[in-house]
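# Structure assessment
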Number of protein chains: 2
Amino acid sequence: MHKHYDRHPTGAFSMVNDASMNESEQLKVLRDRIDSIDDQIGKLISERAQCAQDVAEVKKSANPEEAAKSFYRPEREAQVLRKAMERNQGPLSNEEMARLFREIMSACLALEQPIKVAFLGPEGTFTQQAALKHFGHSAIAMPFSAIDEVFREVEAGAVNYGVVPVENSTEGVVNHTLDNFMTSNLKICGEVELRIHQNLLISDVTHVKNISRIYSHSQSLAQCRKWLDAHYPNAERIAVSSNAEAAKRLKGEWNAAAIAGSMAAELYGLKVLAEKIEDEPDNSTRFLIIGTESVPASGDDKTSLVVAMRNEPGALHNLLEPFHRHNIDLTRVESRPARTGAWTYVFFIDFSGHAQDAEVSKVLNEVSSRAADLKLLGSYPKAVL
Amino acid sequence: MHKHYDRHPTGAFSMVNDASMNESEQLKVLRDRIDSIDDQIGKLISERAQCAQDVAEVKKSANPEEAAKSFYRPEREAQVLRKAMERNQGPLSNEEMARLFREIMSACLALEQPIKVAFLGPEGTFTQQAALKHFGHSAIAMPFSAIDEVFREVEAGAVNYGVVPVENSTEGVVNHTLDNFMTSNLKICGEVELRIHQNLLISDVTHVKNISRIYSHSQSLAQCRKWLDAHYPNAERIAVSSNAEAAKRLKGEWNAAAIAGSMAAELYGLKVLAEKIEDEPDNSTRFLIIGTESVPASGDDKTSLVVAMRNEPGALHNLLEPFHRHNIDLTRVESRPARTGAWTYVFFIDFSGHAQDAEVSKVLNEVSSRAADLKLLGSYPKAVL
């Protein structure tokens, strides 16, 4: 078992190392203590929910129309989660602590008005997982069958937010999320990262030098095609019903490996021979939250924009130079074919910082003057975890 | 918006009804208060996690072999959740409060040893939802493609627990969960109820007397076939890609209704004309947790058993009489064809109480003497919510 957290430094709560007590006495002491902690946690959660209601009341009386839309503030949520992680002394991991606070916030928010979210369905996809990870399980999340439907639902005001994958490989979507932004006025209000990685797994009996067959679900085999071509060009690739099934097969076969996630490795006691072997690591692990309003700075933000330029030598270099000069960190640059004849290239650019930061604002002006067109897609809190 | 909870009786936390403060000052006070509450919640969660680790240490030193299997105690979890609900004064609903405690327990338990759960897949099904509802999102839950595979995984010790639907309609499974118990020594360790109900929805423009077409996903239409035959024999049934799609269609059609869940009604602002219209209400809403060990009494338990009897007049009445005489509440009786020639009938019986209760124990002895065979499938905490 891996422990990716620090033990509580003081051990202050270990009050049962008393040799005079037997097991059931010790357990009794601990369970009474847990009950008393739960009592306090329950009261505090109630108190927090009451405060959230008060926040809603204040907003309603100040600006009824605005308040009716949603009480959800992405920048505030990100701040709360970051604080929860900063304060965390273990033994829970920061990820678990943030997850619990996400759910507490989700429950408090739903009390006033459950947040409505449209996601690229069907149910059970990674996009649904991303939606629930971001908004918590008290949100009302509904599947839609195409990315542009998700955009339309948000634009029409039928839902507060939409959740769409940035790329399309995992869920077999044809159109490209970013293309939708070119014709939409929606803003990016947040991002979600899911850790979905493929690994090459082996069992205790595997002869690593003699791997001649590799089991996995057909989709996972496809996602790792290039990697397999490079590393196991001669191994037979056998598609089975699921990655879990693939993992199970390894037990009796000394010349086989499986492609599956880390959960399967943990469940079946398998070893990870190679990790993150998917050909496009970024593909399905990032999702965008789309909404109608701009998000104020949270203190650790990202900005996305789309830039159109003519195809001239050195154009991209020229465009990106102001970022470099102002020490602004580009996190992603992606070119897409332009749909209009006038533009030859369209670039989607993500960078660290908020559009309202003085420095970023300067850079945006410079970049804008060098591009044929520039559209700000949104500034939003960086994925908290 | 419906509020199914009581407001906090005292309003003790409403400290911002001060006309001298403007909106942002009021919000500042409330948010500072929330931050301080979060600080306390975070510390208490850490303390609770530390206690959970101490519990694990005590168990390990008392009985290393037993402890290595799992630190999860179904009866203890049920008690903690019930207490959390009893203590709850609102404004959160009991269901939300219990959900939050489930996640806190799940995180604390995973710290020591994440619980491994096999469920009837694929991913995205109601059974997965049931597994995560019961074990929380820190559990490792893996899909399997058949109910007997789930049984085998648990029997082999590859996972701690399995989650299977009691019935098979929703997820198109062919074999019957209960049949598996006839050849397995696994115990029922818990039950999960999911509220999955179909409703007949209408919009503001619908003429209730003139409904001539009903939209839904084909599966939902099939689930409500008898109800539709009885109530709307002449309405055209139109299968669309999802229940959400069906709900959306209502906006422009005055003579149409849709079958969908309550989430769709909430999302699209539709009215529920008739609720719980599925033909077999019990079908897909109950799931069983299966494991290798018996669960001690939690204080509010259910017991399941399978009884074989010969086909004699009055046999079932004779069999059930002791339950009646001892005032034991039967919650479900279901007959199944016996697989062996010797038994003519097999009955699955669920009743309130734990096999170790004195009264129940007496009844079981009596019933056993009247039946050809009796097998106790398990006593387990009633579904908490």
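Residues numbered from 1 in each chain as written. Chains lettered and ligands numbered in written order. Predicted model: local features only at pLDDT ≥ 70, side-chain atom pairs only at ≥ 80, totals over all residues. Heavy atoms only, no water.

### Brief notes about the overall build of chain A
In plain terms, the rule: The numbering of helices and of strands both runs from the N terminus, where a helix is a DSSP run of H or I of at least 4 residues and a strand a run of E of at least 2. The cut-offs for exposure are 20% and 50% of the maximum accessible area for each residue type, with area from a 1.4 Å probe on protein chains only; residues under the lower value are buried, those over the upper are exposed, and the others partly exposed. Contact between two residues is taken to exist if any of their heavy atoms lie within 4.5 Å; hydrogens are not considered. Areas reported here follow the Shrake-Rupley algorithm with a probe of radius 1.4 Å; residue values treat only the protein chains shown as occluding.
Scanning chain A for helices and strands turns up 13 helices and 14 strands. Counting over 385 residues, chain A shows a buried share of 55%. The long-range fraction of contacts in chain A, counting pairs at least 24 apart against all pairs at least 6 apart in sequence, stands at 77%. Split by element, the accessible area of chain A, about 16800 Å² in all, is 48% carbon and sulfur.

### Describing the sheet that holds strand β5 (residues 199-202) of chain B
Residue and element names in this part refer to chain B. Rules: Only strands joined by at least two bridges in the DSSP assignment are considered to pair. Every axis in this analysis is a line fitted to C-alpha atoms, fitted for helices over the stretch in contact. Angles between the N-to-C directions lie between 0 and 180 degrees.
Here five strands make up an open sheet; going across it, the order is β7-β6-β8-β5-β9 and the pairing mixed. Across the chains shown, the open sheet's two edge strands, defined by having one partner strand only, are β7 (236-239) and β9 (271-275). With direction set aside, neighbouring strand axes in the sheet form an average angle of 30°. As paired strands, β5 and β9 are joined by four bridges and run antiparallel to one another. Residue pairing for β9: Ile202 is matched across the bridge by Lys271.

### Section: the pairing of strand β2 (residues 140-144) of chain A
All names here are of chain A. Across the five residues that make up β2, a large majority, five, are buried. Side chains of β2 alternate between two faces, with Ile140, Met142 and Phe144 and Ala141 and Pro143 buried alike. Summarising the sheet, strand β1 (residues 116-120) and β2 pair through five bridges and their orientation is parallel. Residue pairing across strands places Val117 opposite Ala141, the latter belonging to β2.

### Some details on helix α13 (residues 358-370) of chain A
Each α-helix turn comprises 3.6 residues. Residues three or four places apart therefore point the same way. Residue and element names in this part refer to chain A. Stated formally: For a helix, the expected span equals 1.5 Å multiplied by the residue count minus one. This arc describes the spread of directions from the helix axis toward the C-beta atoms.
In this model α13 runs 19 Å from its N-terminal to its C-terminal C-alpha over 13 residues, within 8% of the 18 Å that 1.5 Å per residue would give. Those residues of α13 that sit buried are Val360, Val363, Leu364 and Val367. With its buried residues spanning 105° around the axis, α13 presents them on a single face. Away from its buried face, by an angle of more than 90 degrees, α13 presents the exposed residues Ala358, Asn365 and Ser369. Tucked into the core, α13 has its buried residues touching β11 (301-309), α12 (315-325), β13 (345-352) and β14 (373-381).

### Regarding the UniProt feature "site: Essential for prephenate dehydratase activity" (unreviewed entry) in chain A
The line we're drawing: UniProt positions are given in the numbering used here, feature names are shortened, and annotations may be inferred rather than shown by experiment.
On the UniProt side, "site: Essential for prephenate dehydratase activity" (unreviewed entry) is annotated at positions that read A:Thr285 here. When you line up the elements, A:Thr285 lands in the loop between β9 (271-275) and β10 (286-291).

### Quick word on the relation of the copies chain A and chain B
We apply this condition: The copies are overlaid by a least-squares fit using only the C-alpha atoms of residues whose pLDDT is at least 70 in both copies.
At an RMSD of 0.1 Å, chain A and chain B line up after a rotation of 180° and a shift of 0.0 Å along the axis. Such a combination of turn and shift is consistent with a two-fold rotation axis. Interface residue correspondence from chain A to chain B reaches 99%, placing this contact among same-surface, isologous pairings.

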